[in-house]
Amino acid sequence: MKAIRRFTVRPLLPEPLRPLSDLARNLRWSWHTETRDLFRSVDPGRWTVAGGDPVRLLGGASADRLDELAADEGFLRRLAAASDDLHAYVTGDRWYQRQSAGLPAAVAYFSPEFGITAALPQYSGGLGILAGDHLKAASDLGVPLIGVGLLYRHGYFRQTLSRDGWQQEHYPVLDPNELPVTQLNEEDGTPAHVSLALPGGRRLHARIWLAQVGRVPLLLLDSDVEENDLGERGVTDRLYGGGSEHRLLQEMLLGIGGVRAVRTYCRLTGHAPPEVFHTNEGHAGFLGLERIAELGDAGLGFDAALEAVRAGTVFTTHTPVPAGIDRFDRDLVARHFGPDAELPRMDVGRVLDLGRETYPGGEPSLFNMAVMGLRLAQRANGVSLLHGQVSREMFAGLWPGFDAEEVPITSVTNGVHAPTWVAPEVLALGARAAGTERADDALSVGGSERWDSVSGISDQEVWDLRRVLREQLVQEVRDRLRASWRQRGAGTAELGWIDGVLDPDVLTIGFARRVPSYKRLTLMLQDPERLTRLLLDPERPVQIVVAGKAHPADDGGKRLVQELVRFADDPRVRHRIVFLPDYGMAMAQKLYPGCDIWLNNPLRPLEACGTSGMKAALNGCLNLSVLDGWWDEWFQPDFGWAIPTADGAGTDPDRRDAIEAAALYDLLEQRVTPRFYERGPSALPDRWIEMVRQTLTLLGPKVLAGRMVREYVERLYAPAAEAHRALGPDAARDLAAWKAKVRTAWHGVGVDHVETAATALTPAAPTAELGTTLALRVRLRLGDLGPDDVEVQAVSGRVDEEDRITDASAVPLKPAGGPDLEGRWVYEGPLSLDRTGPYGYTVRVLPAHPLLASAAELGLVAGPSEELLEGAGVLMR
């Protein structure tokens, strides 16, 4: 018989054990070893069955065992110590509280997914894991963050394989009462709700669940409530599921409903209201519209409210390709806003303009969430240096007239939360080398350039640790592989071979990630026979552990999974290469430490950052990767190997794959495996061990989420908070009026004449000596604007064959008196020639205002006329 309703019956904890409930409900246990050890000791067998989830553990604990623990003085002392430690952690001053004044009182951080722990499966891949690590690092640093997301009743799918290796998806129902979350209630005890208006007079209601991530509250909105009709109940059913309208409603609930949830949480708890709003990818971009509406209700016009909202908003883009951006039909968006739906007092045309693709090649019938995100945020960033460059080029059309490098999108390279991803054995070795307190601080807060204490760890200790971790991975793989084959229909009698899968003394390569085509799961299969020889080499074999999920709608990705599975099923090699289904956080935490090499071979430059290799590096695993994302930024031969790429514009995709696969095989055969298997005088692979040591010493401090969050605070949150405070209602109105004036008058701005006072420089002899100073004199039109509205710059630098300035530097010119009788202004200034070779300069006029974050903010620039350019003769060679 099947139950018609399911609910959870929780045991009543004896009074001495009540602190266990608080420890279980604060997700700090997911990265705090001592707390996890405490829960494990409650019932080691049940802890394993519960998947390391304290809520499930306590939910199934027997009354006899709880009574036994309540009388155990040793356990109670450990419980008191853990409880006191958590209290000190969440209430004491940390890095943020020790900084100078001026930092934001609170920051709201919005993301469509959060990977905190496998016990709260609300993530699909790197974006969610990054968001979870951001929250954890903010907690460790004491940053007053409020996380905002959605609670998906099916999470992301669980993956199994059919007998022939085809991916199959399963969507188990998640009961919030069985998750480490609590319902946010009003003061009278009723559930706190937010609601959105829908077309036709309907409403979308959602309750608010709270997950406590250390010091950071994470608010999760859940539409599966009785007040909703069946369709609205399903809005938060699946992560990245459904059609366009379903996704639009999810993103409206996340952005608009999320702001309302933050306001509700602050009202009920007294938490400081956010001064800065950070949207992690474009999915939450509608939060800016809700904040504009709030200011509109307070009497501010749309344009002034827009300026006030932009000042305090940070937008992070994670996609390096336009296809990765959510775009909706404009008519669909229009139907969900305006008088008959949400934000009724807001002009729908203004809403649509925010997401309009106004650049060449843009699609006027679509509403672009990333474009809206950029227009609603005064500060934006990519997630690695290379991705910042790619993003500036991808979105350059929004700032016409500016070179890509001047597009106001910076970069903050991602990091990973070391206490989550570093194996306990690695943590223990680090604590012995540096001391427990120093090691904890180095991993959570960071700040040092090097971890020199690693040098004190002997080669034997490093090598013994690597083997222990490899051995643990071998056992984990065998257990998971056996379970997978049983799900595929195999009987016990067929699975004896699994006991011989992998070898703890063989070089182990890991490859695990989502399976879009650009990550090239099957690049290693380009030459199956060559790969087979590598796997079965009698003296220098390798073994490979592969995992990854294809999106449910991506049949191409599923075919890649099947191709890899079929190769791994071959009896000749199945003891050396395995595919593990259902890749997630729990698997990853075993996989990263146990591998010797982390393989990453995306199509460059389509990997925005790629943090899996960072997690591997923190466990002493070496990277073997294409120079993309973070590896392009920090690669050194001391840390691993760079796979050469063939990413020229004219390279055929199949030929490119063949070239790069051959380079991968060459590296493995000629450099990687010899380094692992060669033994030095001490009978250890001393050159390999030194690479592990250098990885930990020099790369470890760079890849920390603590470093990343500190950069966000210093470079983005603090300036955004300052701008937010500067733009009160009057200042916002003044800035909006000034921008309107500038946009209206800009057609009248132009450069009419440029001359240089340097006798050595003439059109007939365009040469000058290094160190020469040119005196520039520029005559220009400002139309209805004045000198206070603009900045006039001389832009100079080396030039290429097409006379483009490639390494530009700009110096401001100053007005020389007032306007002449024709209303033209003269600007003057020196230009120092500080570089040799082909050189050039130009002059331009930009809008200028003290409240602009960037000279490119308005996307307006005026320069010399075409006639002036043709006769300028400004190049020196």
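What counts and how
Residue numbers run consecutively from 1 along every chain, following the written order of its sequence. Reporting in this predicted model follows two pLDDT cut-offs: at least 70 for local features of residues, and 80 or more for side-chain atom pairs to be given and counted; totals over whole chains, interfaces and linings ignore these cut-offs and use all residues. By convention in this description, side-chain values take in all heavy atoms of the structure and omit both hydrogens and water. For helices the rule is a DSSP run of H or I covering at least 4 residues; for strands it is a run of E covering at least 2, with both sets numbered from the N terminus onward. In this description the radius of gyration comes from C-alpha coordinates, and the expected globular size is given by 2.2 Å times residues to the power 0.38. Per-residue accessibility, obtained with a 1.4 Å probe over protein chains only, is compared with the maximum for each type, and a residue is labelled buried under 20%, exposed over 50%, and partly exposed between these values. Under the convention used here, a 1.4 Å probe and the Shrake-Rupley method define accessible areas, while residue burial counts only the protein chains that appear. This count recognises Lys and Arg as positive and Asp and Glu as negative, with His and chain-terminal groups excluded. Taken as the charge location is NZ of Lys, CZ of Arg, CG of Asp or CD of Glu. Whether two residues touch is decided by their heavy atoms; if any such pair falls within 4.5 Å, the residues are in contact. By convention a crossover is right-handed if, when the strands point away from the viewer, the path from the first strand over the helix to the second runs clockwise. Only when DSSP finds a minimum of two bridges between them are two strands counted as paired. For every element, the axis is a line fit to its C-alpha atoms; helices are fit only across the contacting stretch, and the angle between N-to-C directions ranges from 0 to 180 degrees. Salt bridge, as used here: a side-chain nitrogen of Lys or Arg that lies within 4 Å of a carboxyl oxygen of Asp or Glu. Note on disulfides: each one is a pair of cysteine sulfur atoms within 2.5 Å. Ring pairs are drawn from Phe, Tyr and Trp, using the six-membered ring of Trp, whenever the two centres fall within 6.5 Å, and their geometry is named by plane angle: stacked under 30 degrees, edge-to-face over 60, tilted for the rest. To sit over a ring, a charge needs its Lys NZ or Arg CZ within 6 Å of the ring centre and within 35 degrees of the ring normal. Residues belong to a common nonpolar core when they are buried Ala, Val, Leu, Ile, Met, Phe, Trp, Tyr or Cys residues joined through side-chain atoms within 4.5 Å. Here, expected helix span is obtained from the residue count minus one, scaled by 1.5 Å. Any pair of nitrogen or oxygen atoms within 3.5 Å is treated as a polar contact; in protein, a donor-acceptor pairing is required on top of that, and neighbouring residues in sequence qualify only through side-chain atoms on both sides.

(A) Examining the overall build of the protein chain more closely. Looking only at helices and strands, the protein chain features 29 helices and 26 strands. The globule rule puts the C-alpha radius of gyration for 877 residues at 29 Å, and the 30 Å found for the protein chain is close to it. For the protein chain, the C-alpha atoms occupy an extent of roughly 95 × 70 × 50 Å along the three principal directions. Looking at the 877 residues of the protein chain, the share that counts as buried comes to 57%. Taken as a whole, the protein chain presents about 35400 Å² of accessible surface, with 50% of it coming from carbon and sulfur. Averaged over its 95 positive side-chain charges, the protein chain has a centre that lies 4 Å from the centre of its 120 negative ones.

(B) Representation of the environment of Leu534 in the model. The residue Leu534 is located in helix 20 (residues 528-536) in this model. For Leu534, a relative accessible area of 6% puts it in the buried group. Leu534 has contacts with Arg540, Pro541, Val542, Tyr665, Leu668 and Glu669, leaving out every residue within four places of it along the chain.

(C) Focus on unusual backbone geometry. Cis peptide bonds are those with omega within 30 degrees of zero, and the linkage from Arg604 to Pro605 qualifies with 5°. Note on placement: Pro605 falls in the loop between strand 18 (597-600) and helix 23 (612-617). Positioned with a positive phi, Leu502 is a non-glycine residue whose angle comes to about 65°. When you line up the elements, Leu502 lands in the loop between helix 19 (459-487) and strand 15 (507-512). Taking the relative accessible area as the measure of exposure, Leu502 reaches 3% and is therefore buried. Positive phi outside glycine occurs at Ala683, with the angle close to 65°. Among the structural elements, Ala683 can be located in the loop between helix 25 (653-677) and helix 26 (686-699).

(D) Just the pairing of strand 1 (residues 107-110), in detail. Here strand 1 shows two buried faces, one formed by Val107 and Tyr109 and the other by Ala108 and Phe110. You can see the chain leave strand 1, run along helix 7 (residues 126-141) and come back into strand 2 (residues 145-150), and the turn it takes is right-handed. Where strand 1 and strand 9 (residues 276-280) come together, 4 bridges link them in parallel fashion. Pairing of Val107 across the sheet is with Val276, part of strand 9.

(E) Region of the structure containing the sheet that holds strand 16 (residues 542-547). Spatially, 6 strands are ordered 17-16-15-18-19-20 in an open sheet, and the strand pairing comes out parallel. The open sheet has two edge strands, strand 17 (577-580) and strand 20 (640-643), and neither has a second partner. The mean angle between the axes of side-by-side strands here comes to 20°, regardless of whether they run parallel or antiparallel. Where strand 15 lies against strand 16, 6 bridges are found, and the strand directions are parallel. Bridge pairing in strand 16 places Ile509 opposite Ile544. Contacting strand 16 and strand 17, helix 20 runs over the sheet at an angle of about 115° to strand 16.

(F) Quick look at the pattern of salt bridges. Scanning all chains against the criterion turns up 60 salt bridges. In this structure, Arg488 and Asp569 form a salt bridge, with 2.8 Å as the shortest nitrogen-oxygen distance. One end of the pair, Arg488, is in the loop between helix 19 and strand 15; the other, Asp569, is in helix 21 (residues 555-569), and 81 residues separate them in sequence. For Lys739, the salt bridge identified is with Glu857, shortest N-O distance 2.9 Å.

(G) Representation of the state of the cysteines within the structure. Counting across every chain of the model gives 0 disulfides. Cys621 provides the cysteine sulfur closest to Cys595, a residue in no disulfide bond, and the two sulfurs are 5.7 Å apart. In this structure Cys621 comes out as buried when scored by relative accessible area, which is 0%.

(H) Representation of the packing of aromatic side chains within the structure. With the rule as written, the count across this model stands at 19 aromatic pairs. A centroid spacing of 6.4 Å and a plane angle of 0° characterise the contact between Phe39 and Trp47, whose relative ring orientation is stacked. Note on accessibility: Phe39 and Trp47 belong to one class, buried. Taken together, Trp463, Trp641, Phe676, Tyr677 and Trp688 form an aromatic cluster joined through their ring pairs. For Arg28, the ring lying beneath its charged end belongs to Tyr89, and the centroid distance is 4.2 Å. Geometry around Trp421 places Lys615 over its ring, the cationic atom sitting 4.7 Å from the centre.

(I) Quick peek at the pairing of strand 15. Strand 15 sits mainly inside the fold: 6 of its 6 residues count as buried. In strand 15, alternate side chains face the same way, and those of Leu507, Ile509 and Phe511 on one face and Thr508, Gly510 and Ala512 on the other are all buried. Considered for its hand, the β-α-β crossover made up of strand 15, helix 20 and strand 16 is right-handed. Where strand 15 and strand 18 come together, 2 bridges link them in parallel fashion.

(J) Here's a closer look at the nonpolar core. Residues Met524, Ile597, Leu624, Trp641 and Trp688 are the most contacted members of the largest nonpolar core, which totals 106 residues. When neighbours within four sequence positions are excluded, Leu624 is seen to be in contact with Ile597, Trp598, Leu599, Asn600, Trp641, Ile643, Leu664, Leu667 and Leu668. Ranked by size, the runner-up nonpolar core spans 98 residues in total, among them Leu184, Leu287, Leu376 and Val749.

(K) Main features of helix 21. Between its first and last C-alpha atoms helix 21 spans 20 Å; for 15 residues at 1.5 Å apiece the expected length is 21 Å, and the two agree. Buried residues in helix 21 make contact with strand 3 (158-161), strand 4 (167-170), helix 20, strand 16 and strand 17. Regarding helix 21, its N-cap is Asp554, as a side-chain oxygen of that residue lies 3.2 Å from the backbone nitrogen of Gly556 further along.

(L) Molecular detail of the side chain of Lys558. Its place among the elements puts Lys558 in helix 21. Of the polar contacts made by the side chain of Lys558, one reaches the backbone oxygen of Pro552; its length is 2.8 Å. If sequence neighbours within four positions are ignored, Lys558 has contacts with Trp166, Gln167, Glu169, Ala550, His551 and Pro552.

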